[in-house]
Amino acid sequence: MSIFGAISEQQFLDEYWQQKPLLIRQAFSNITPPFSPEELAGLCCDTDVAGRIVIGKDKHWQVLNAPLTEQDFLETPETHWTLLVNDIERYYPQLGEIIKPFRFIPDWRIDDLMVSYAPEGGSVGPHTDEYDVFLIQGQGQRHWQLDPDADSQCCLSDCELSILDNFNVQKEWTLEAGDFLYLPPNLAHYGVAQGDGCMTFSIGFRAPSQYELLNSWLDHSAEKKRLTQRYNDQKRPTVTHSGEINSSDIEGIKTLMRTALDDDQQFITWLGKYLTEAKNDQQTLYSHTDHVDDDIAFTRNPAHRLAWLEQEDGLLIFINGEANHAPLESKAAIEYLCQHYEFPADILEEKLCDSHFKDLFAQLMDYGVVEVVED
Ligand code: SIN
Ligand code: CO
């Protein structure tokens, strides 16, 4: 059984992913948050976490960005506010459990796990997101409304949040703890907490834009002093209209630019680094300290970005934006280490007999990616 019940993972990808919403009831049992609402609030006061409080309803909304103070929380009204925290898996690695069922989509497509906590009426208003999202109801209830026809350009003026001005409900559901809703990018949605203690986890995906990709590729190339080839028009025909930029020059320039991507070795090294680099220079990741079964000897925080790819003469392994080479014989080891967040002692004992596994494991420990579980 997949997380979608009778719908297989492939069927989900074929029929829903990036296309249409899907509601699944009771996919998760007992999501116990590893923090209290007070601890979540404390995180927004004491760390560099990307958090905020959104207060409001109807056409009036206000946002307070982290770092927050105790006073901010004292001044929030009784109802109609939401505390949101991005990248929550960095702080509570055990929340990787919520991400696990969706790893039939590659890790590099995942942006972060966000949590929201709200009393009655709490919401961030009707809006669209540019990315796919799974909205998982952790605790309490949230009422979700969708408007596939909403104009995403039409937002409230004088509001620092992009809140839609016109939102006409076309579909709606109340989600209970354990239910989840998948939304494709740019579909207008509006979630409102029903009753107190509403906690929603969102797995946000990322799809880099052409601009972001090319920008990063150019930075990489500049660092390597590449892309120095200049336009070459040897033996060009004479022109009659000196002012014209003719089609053959247009094609020539396009070809020169297209070939800027042609060095496969440079390209894949850049891509692996780009797709695994830490978000916004946020390096601090927390250890998995509690709720670890006795047999678990080592863990890795799911927010560490790992990826690999196979080439004819070896593997390229990317660890938080850095590229490393490994022999083809390390493939089983890297597959295993990338797939798991927790490493039981007995399995490791066996695997560490393999020298390739041992080397890679040692390397991940050096990087601080794999950590020993302290008693
Ligand atoms: C929330 O959890 O309150 C908002 C999530 C979203 O709408 O993307
Ligand atoms: Co949203």
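Scroll up a little and you will see the structure.
Quick caveat: nothing in here was measured; it's all calculated off a predicted structure.

Student: Could you clarify how one ought to interpret the environment of Q145 in this entry?
Tutor: Looking at the element boundaries, Q145 is found in strand β6 (residues 133-147). Residues Q145 and F4, 141 residues apart in the sequence, show an inter-C-alpha distance of 20 Å. Other than its neighbours up to four places away in sequence, Q145 contacts F167, V169, K171, E172, A188, H189 and Y190. For Q145, the side chain forms a polar contact with the side chain of E172, separated by 3.0 Å.

Student: What is the right way to look at the coordination of the cobalt ion (ligand 2) in this model?
Tutor: A four-donor tetrahedral metal ideally has 109.5 degree angles, and a six-donor octahedral metal ideally has angles of 90 or 180 degrees. Looking at the cobalt ion (ligand 2), one finds its protein donor set to be H127 (NE2), D129 (OD) and H189 (NE2), positioned 2.0 to 2.1 Å from the metal centre. Donor residues for the cobalt ion (ligand 2) sit on one chain with the sequence pattern H-x1-D-x59-H. With a gap of 60 residues between them, D129 in the loop between β5 (110-118) and β6 and H189 in strand β9 (residues 188-205) connect regions that are remote in the sequence. With relative accessibility at 3%, the residue H189 sits in the buried group.

Student: Quick question: what am I supposed to make of the site of ligand 1 here?
Tutor: By nearness alone, every residue bordering ligand 1 is listed as M114, S116, V124, H127, D129, L135, R142, W144, H189 and T200. In the environment of ligand 1, an oxygen atom lies 3.2 Å from a nitrogen or oxygen atom belonging to the side chain of H127. The side chain of H189 places a nitrogen or oxygen atom 3.3 Å from an oxygen atom of ligand 1. In isolation ligand 1 exposes 260 Å². Once the protein is present, 95% of that is buried.

Student: Explain a nonpolar patch on the surface to me, please; I cannot follow it from the model alone.
Tutor: A cluster of nonpolar side chains, Y231, I253 and M257, forms an exposed patch at the surface whose accessible area comes to about 290 Å². Mapping I253 onto the fold places it in helix α7 (residues 247-258). You can call I253 partly exposed: its relative accessible area is 36%.

Student: For this particular structure, what's the right way to read the side chain of N86?
Tutor: Counting through the fold element by element, N86 comes out in the loop between β4 (81-85) and α4 (88-91). Within the local environment of N86, its side chain forms a polar contact with the side chain of R52, the two groups lying 3.0 Å apart. One polar contact links N86 to D112, side chain to side chain, over a distance of 2.8 Å. Among residues more than four places away in sequence, those in contact with N86 are V49, A50, R52, D112, L113 and M114.

Student: Whenever I open this one, the layout of surface pockets confuses me. Can you help?
Tutor: If a probe as big as a water molecule is rolled over the atoms, it shows which places are left empty. Roughly 840 Å³ of internal volume is contained in the largest pocket. Lining the largest pocket we find 32 residues, and of these R52, M114, V124, H127 and D129 sit closest to its centre. Every element with two or more residues in the lining of the largest pocket is listed here: β2 (51-57), β4, β5, β6 and β9. Here the lining of the largest pocket gets six residues from one element, more than from any other, and that element is β9. For the lining of the largest pocket, the residue count by class is twelve nonpolar, 13 polar and seven charged.

Student: How should I be thinking about a negative patch on the surface in this particular structure?
Tutor: On the surface, D293, D294, D295, D346, E349, E350, E374 and D375 cluster together into a patch of negative charge. By the secondary structure assignment, E349 is in helix α10 (residues 345-351). Look at E349 and you get exposed, because its relative accessible area is 61%.

Student: What should I look at first to understand helix α11 (residues 355-366) in this one?
Tutor: The α-helix advances 3.6 residues per turn, and as a result positions three or four apart in sequence lie on the same side. Across its twelve residues, α11 extends 16 Å between first and last C-alpha, which sits within 8% of the 16 Å expected from 1.5 Å per residue. Looking one or two residues beyond α11, the residue adopting positive phi is G368, at roughly 75°.

What counts and what doesn't
Residues numbered from 1 in each chain as written. Chains lettered and ligands numbered in written order. Predicted model: local features only at pLDDT ≥ 70, side-chain atom pairs only at ≥ 80, totals over all residues. Heavy atoms only, no water. Helix = DSSP H or I, 4+ residues; strand = E, 2+ residues; numbered from the N terminus. Contact = heavy atoms within 4.5 Å. Polar contact = N/O pair within 3.5 Å; in protein donor to acceptor, adjacent residues only side chain to side chain. Donors = N, O, S within 2.8 Å, 3.2 Å for Na, K, Ca; no water. Buried < 20%, exposed > 50% of the residue type's maximum accessible area, 1.4 Å probe, protein only. Near = heavy atom within 4 Å. Areas by Shrake-Rupley, 256 points an atom, 1.4 Å probe, with all protein chains shown as cover. Patch = residues over 30% accessible without salt bridge, like charges linked within 9 Å, V, L, I, M, F, W, Y side chains within 5 Å. Salt bridge = Lys/Arg side-chain N within 4 Å of Asp/Glu carboxyl O. 1 Å grid on protein atoms, 1.4 Å probe; cavity = no way out; pocket = protein on both sides within 12 Å on 5 of 7 lines; lining within 4 Å. Points joined across faces, edges and corners; volume = space filled by probe spheres on them. Nonpolar A, V, L, I, M, F, W, Y, C, P; charged D, E, K, R; others polar. Lys, Arg positive; Asp, Glu negative; His and termini not counted. Charge placed at Lys NZ, Arg CZ, Asp CG, Glu CD. Expected span 1.5 Å × (residues − 1).

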